[in-house]
Amino acid sequence: KNAFATSSTEKEVIIDLWNGEAIASADYGRLTVYMTGSGVGDSGANPFRASLRNGSQGFDDQSLASSAFTTSSIADSNWHHYAISFLSEATGVRSYFYVDGVLENETSLGSGSVGELSGRVDARIGALQTAPRGTSAIAGSGKLSGSIDEFRFWKTRRTSKQINMNWFQPVFGGANTEDSNTSLGCYYKFN
């Protein structure tokens, strides 16, 4: 959940997952979800963006929300819940973007299937771990200027029904012994 106005043209990183492999490596794997304060044509469109790479497969700097969703949609002085779900398909990666439990946009990104990231994957919330592909950013750049009330990372794709039923309440996770939440990889309640 977050509510803030971003006016910077720089990327504000929400989450950066990386397996520590060099960009040129066939084993390189990374997912970065971020916001930008300036959108296409300075209209503020496309503020939620992502890059996903596994070796040579994936996509870079693609919009997750519809063109109707702008920086004004974020900076409305209200808290909102944003959920992003990815599904790898033969023709690309299907992206689902939800606002307050409702599907706002569904789109296909890239041109091929992206497999499971290999090796140990480290994560950072709110800033980059290292420069993403095609940039010269340094570790710690892209700092998020906002508030996050809760963060969930699921190891499997959440359905629209699951997101809509649970976006506004705790999911009582944190243990691999609860059958309903064994796919909950990381849960920060920040309370």
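See the structure shown above.
Note that the coordinates shown come from a computational prediction; the quantities given were computed from them, not determined experimentally. (Residues numbered from 1 in each chain as written. Predicted model: local features only at pLDDT ≥ 70, side-chain atom pairs only at ≥ 80, totals over all residues. Heavy atoms only, no water.)

## Observations regarding the pairing of strand β5 (residues 82-89)
No. 1: Where β5 and strand β6 (residues 92-99) come together, eight bridges link them in antiparallel fashion. Within the sheet, the bridge partner assigned to Ser88 lies in β6 and is Val93.
No. 2: Counted between consecutive antiparallel strands, the loop separating β5 from β6 contains two residues. (Pairing = 2+ DSSP bridges. Helix = DSSP H or I, 4+ residues; strand = E, 2+ residues; numbered from the N terminus.)

## Details of the sheet that holds strand β2 (residues 29-36)
Backbone-to-backbone hydrogen bonds pair the strands of a sheet. The strands run either parallel or antiparallel.
No. 1: The five strands lie next to each other as β4-β3-β2-β1-β8, forming an open sheet whose pairing is antiparallel. At either margin of the open sheet sits one strand with a lone partner, and together these are β4 (57-63) and β8 (122-125). Taking each pair of neighbouring strands and ignoring which way they run, the sheet shows an average axis angle of 15°.
No. 2: Here strand β1 (residues 11-18) runs beside β2; their pairing, made up of seven bridges, is antiparallel. The residue of β2 that forms the bridge with Lys11 is Thr36. (Axes fitted to C-alpha atoms, helices over the stretch in contact; angles between N-to-C directions.)

## Some points on the side chain of His80
No. 1: Secondary-structure assignment places His80 in the loop between α1 (71-74) and β5.
No. 2: Separated by 2.8 Å, the side chains of His80 and Asp76 make a polar contact.
No. 3: Side-chain polar atoms of His80 contact the side chain of Asp100, separated by 2.8 Å. (Polar contact = N/O pair within 3.5 Å; in protein donor to acceptor, adjacent residues only side chain to side chain.)

## Notes on the sheet that holds β6
No. 1: With respect to topology, three strands assemble into an open sheet ordered β5-β6-β7, the strand pairing being antiparallel. Edge positions in the open sheet fall to β5 and β7 (102-109), since each of these has one partner strand only. Direction aside, the axes of adjacent strands within the sheet are offset by 15° on average.
No. 2: Pairing of β6 with β7 involves seven bridges; the strand directions are antiparallel. Following the sheet pairing, Phe97 is matched in β7 by Asn105.

## Here we look at the pattern of salt bridges
No. 1: As enumerated under the stated definition, the model contains seven salt bridges in all.
No. 2: With its nearest N and O atoms 3.4 Å apart, the salt bridge here joins Arg94 to Glu89.
No. 3: Judged by its relative accessible area of 21%, Arg94 falls in the partly exposed class.
No. 4: By relative accessible area, Glu89 is classed as partly exposed at 26%.
No. 5: A salt bridge links Arg152 to Glu150, with the nearest nitrogen and oxygen atoms 2.6 Å apart. Each member of the pair, Arg152 as well as Glu150, carries the same accessibility label: buried.
No. 6: Three or more residues joined by partner-sharing salt bridges are found here, namely Glu89, Arg94 and Glu106. (Salt bridge = Lys/Arg side-chain N within 4 Å of Asp/Glu carboxyl O. Buried < 20%, exposed > 50% of the residue type's maximum accessible area, 1.4 Å probe, protein only.)

Everything listed here is a matter of coordinates, which is why it stays silent on function.
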